[in-house]
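Below, each chain spelled out in residue letters.
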Amino acid sequence: MSEELKSADIGLIQRIIPHRYPFLLVDKVVEIDGFKSAKGIKNVTMNEPHFQGHFPGQPIMPGVTIVEAMAQTSAVLVGVAMDLADKELLVYFMGLDKCKFRRMVVPGDVLEMKVATLRGKPGAKVWKFEGVATVEGELACEVEFTAMMDLPKE
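The structure reproduced in this document is the subject of the present report. No experiment lies behind these values; they were computed from the predicted model shown.

## What to know about the packing of aromatic side chains
One pair of aromatic rings is described through two measures. These are the centre distance and the angle between the planes. Summed over the entire model, instances satisfying the criterion amount to four aromatic pairs. Here the aromatic rings of F93 and F145 are separated by 6.1 Å at their centres, their planes lie at 85 degrees, and the arrangement is edge-to-face. Highlighted residues: F93 in strand 4 (residues 90–101) and F145 in strand 7 (residues 138–150), separated in sequence by 52 residues. Here F93 falls in the partly exposed class, since its relative accessible area comes to 40%. Taken together, the ring pairs connect F35, F93, W127, F129 and F145 into an aromatic cluster.

Below, the structure is given as structure tokens:
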């Protein structure tokens, strides 16, 4: 890894993680600092399917999708750091801790998700991350989560 920060546009994201519409919840990942941290961006739009029922007349992004967006950001961080594009990386939740929601996220918001690695290294299956999601600098969600990386066989 070079010392410069890396990024992933939507094309690279789709080459790293298998998620697709309607469950691809990160539009780009910027400021990827090796295995340490990254920032994901999600442009929240009214045409997302969960807004049809959550809630009619008052669309609010479900908390679980905010947490999932942070997890996808973390998977992209690992995928970029380990050069896993086109290698069929799968990631599974193992646990959530200290999850708190502080602000509603609604269509028109730009969700910024900062994630940092608490535990994990190249070749490890189990990783732990902390994530903070904000809208215009205001805290929307904070969480720690553990995931299993189903790394491709070489």
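## Comments concerning unusual backbone geometry
Cis geometry is found at the peptide bond from Y21 to P22, where omega equals 5 degrees. Between H54 and F55 the backbone carries a cis peptide bond, its omega angle lying at -5 degrees. Here F55 lies in the loop between strand 3 (37–43) and helix 2 (63–81). Of note in the backbone geometry, E31 takes a positive phi value of approximately 55 degrees without being a glycine. Here E31 shows up in strand 2 (residues 28–33).

## Examining the side chain of T65
Mapped onto the elements of the fold, T65 is located in helix 2. Sequence-distant contacts of T65, defined by excluding residues within four places in its chain, comprise L25 and H50.

## Re the sheet that holds strand 6 (residues 126–135)
With antiparallel pairing, the seven strands of this open sheet are ordered in space as 1-2-3-5-6-7-4. A strand with exactly one partner marks an edge of an open sheet, and here the two such strands are strand 1 (6–8) and strand 4. Here the strands of the sheet are splayed against their neighbours by 20 degrees on average, with no regard to which way each runs. Relative to the sheet, helix 2 contacts strand 1, strand 2, strand 3, strand 4, strand 5 (110–119), strand 6 and strand 7, its axis offset from that of strand 5 by approximately 60 degrees.

## Remarks on helix 2
With 19 residues, helix 2 should cover 27 Å at 1.5 Å per step; its first-to-last C-alpha distance of 28 Å lies within 8% of that length. Burial analysis of helix 2 places 17 of its 19 residues in the buried class, the great majority of the element. D83, located one to two residues past helix 2, shows a positive phi value of around 55 degrees.

## Examining the nonpolar core
Of all hydrophobic cores here, the largest spans 41 residues; its most connected members are I13, V29, I66, M70, V76, V105 and L111. If near-sequence neighbours (up to four positions away) are discounted, I13 is found in contact with A8, L24, V26, D27, K28, V29 and V76.

## A closer look at the environment of E144
Mapped onto the fold, E144 is located in strand 7. Residue classification places E144 among the buried positions, given a relative accessible area of 14%. C-alpha of E144 to C-alpha of K100: the two residues are 44 residues apart in sequence and 9.9 Å apart in space. In contact with E144, not counting residues within four places along its chain, are G95, L96, D97, K98, L118, K128, F129 and E130.

Cut-offs and rules
Residues numbered from 1 in each chain as written. Predicted model: local features only at pLDDT ≥ 70, side-chain atom pairs only at ≥ 80, totals over all residues. Heavy atoms only, no water. Phe/Tyr/Trp six-rings, centres within 6.5 Å; stacked < 30°, edge-to-face > 60°. Helix = DSSP H or I, 4+ residues; strand = E, 2+ residues; numbered from the N terminus. Buried < 20%, exposed > 50% of the residue type's maximum accessible area, 1.4 Å probe, protein only. Contact = heavy atoms within 4.5 Å. Pairing = 2+ DSSP bridges. Axes fitted to C-alpha atoms, helices over the stretch in contact; angles between N-to-C directions. Expected span 1.5 Å × (residues − 1). Core = buried A, V, L, I, M, F, W, Y, C linked by side-chain atoms within 4.5 Å.

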